[in-house]
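So you can see what is in the structure, the chains are spelled out below.
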Amino acid sequence: WRGATSAAEAADLVAETFGDEPADEEAAAPKPEIDEKGRATAVGRRKRASARVWLFPGTGIVTVNSKSLIDKFPRMAHCEDIVKPFATTGTAGAFDVVSSVNGGGVSGQAGAVRLGIARALVKYNPDHRPLLRKAGYLTRDPRRVERKKPGLVKARKAPQWTKR
């Protein structure tokens, strides 16, 4: 820091400017983000799909756009993908999920709901973060549909080449 003649003096200036940080672990530990109704909310996105998720204690019922999970996602692969964060954290059957999802296709919507559930679980209990991070459920999938280029049939497919 400018004007300090020694390292100790500089440290005093820094502490005076920014204040002392609490050293105890309780103050540094993240706190759950739960609203007055006992819900944790989060947003998940994948491709063009966006899902808002509300997570609250219950019996394990997952509702997407006012439909049951099986009615909204008939493929079992999508249903299994959506509930994987619960299996990873060992909270299967402990929470109910209400989700509103729009945009994209079925796979994108399933991925968006899964990301929203994982983020809501972390908000409800921050201790789940390392498990979900290691499993890759907190990472937003950045892949998008590549745009079509002029002179090509699709994004990369060229028209058939003719010799003459």
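Use the structure listed above.
Computed from a predicted model, the values in this text were never measured in an experiment. (Residues numbered from 1 in each chain as written. Predicted model: local features only at pLDDT ≥ 70, side-chain atom pairs only at ≥ 80, totals over all residues. Heavy atoms only, no water.)

### Notes on the environment of H78
The condition that has to hold: In DSSP terms, a helix is any run of H or I states spanning at least four residues, a strand is any run of E spanning at least two, and both are numbered starting from the N terminus. N or O atoms closer than or at 3.5 Å make up a polar contact, with two conditions inside protein: a donor-capable atom paired with an acceptor-capable one, and, for residues adjacent in sequence, both atoms drawn from side chains.
Summarising the element assignment, H78 is placed in helix α4 (residues 76-89). In this structure, the C-alpha to C-alpha distance between H78 and A110, residues 32 residues apart in sequence, is 5.9 Å. Of note is the side chain of H78, whose polar atom sits 3.0 Å from the side chain of S107.

### Re the side chain of Q109
This is how it is decided: Whether two residues are in contact is decided by their heavy atoms, any of which lying within 4.5 Å being enough.
Relative to the helices and strands, Q109 is located in helix α5 (residues 106-124). For Q109, the side chain forms a polar contact with the main-chain oxygen of G103, separated by 3.0 Å. Residues contacting Q109, with those up to four places away along its chain left out, are A49, K72, F73, V101, N102, G103 and G104.

### Observations regarding unusual backbone geometry
Backbone geometry at K47 places phi at a positive 50°, although glycine is not the residue there. Here K47 lies in the loop between β1 (40-46) and β2 (49-57). Of note, the phi angle at S66 is positive, near 65°, even though the residue is not glycine.

### Some details on the pattern of salt bridges
Pairs can form between side chains of opposite charge whenever their charged atoms are close. Test applied: What makes a salt bridge here is a side-chain nitrogen of Lys or Arg within 4 Å of a carboxyl oxygen of Asp or Glu, nothing more.
Inspection of the entire model under this criterion finds 5 salt bridges. Between D141 and R46 there is a salt bridge, and its shortest N-O distance comes to 3.1 Å. Taken together, the positions of D141 in the segment after α6 (129-135) and R46 in strand β1 put the pair 95 residues apart, joining distant regions of the chain. We note a salt bridge from R114 to D81, for which the minimum N-O separation is 2.9 Å. Residue R114 is located in helix α5, and its partner D81 is located in helix α4; the two are separated by 33 residues in the primary sequence. Residues joined in a network through salt bridges with shared partners are R46, D141 and R143.

### Digging into the sheet that holds strand β4 (residues 67-68)
The line we're drawing: Paired strands, as defined in this entry, are two strands with at least two bridges between them according to DSSP.
Within the open sheet, the 5 strands sit side by side as β1-β2-β5-β3-β4. Their pairing is mixed. Each having just a single partner strand, β1 and β4 make up the two edges of the open sheet. Sheet topology note: the β2/strand β5 (residues 95-102) ladder contains 8 bridges and is antiparallel. Along β5, the bridge assignment pairs W54 with V98.

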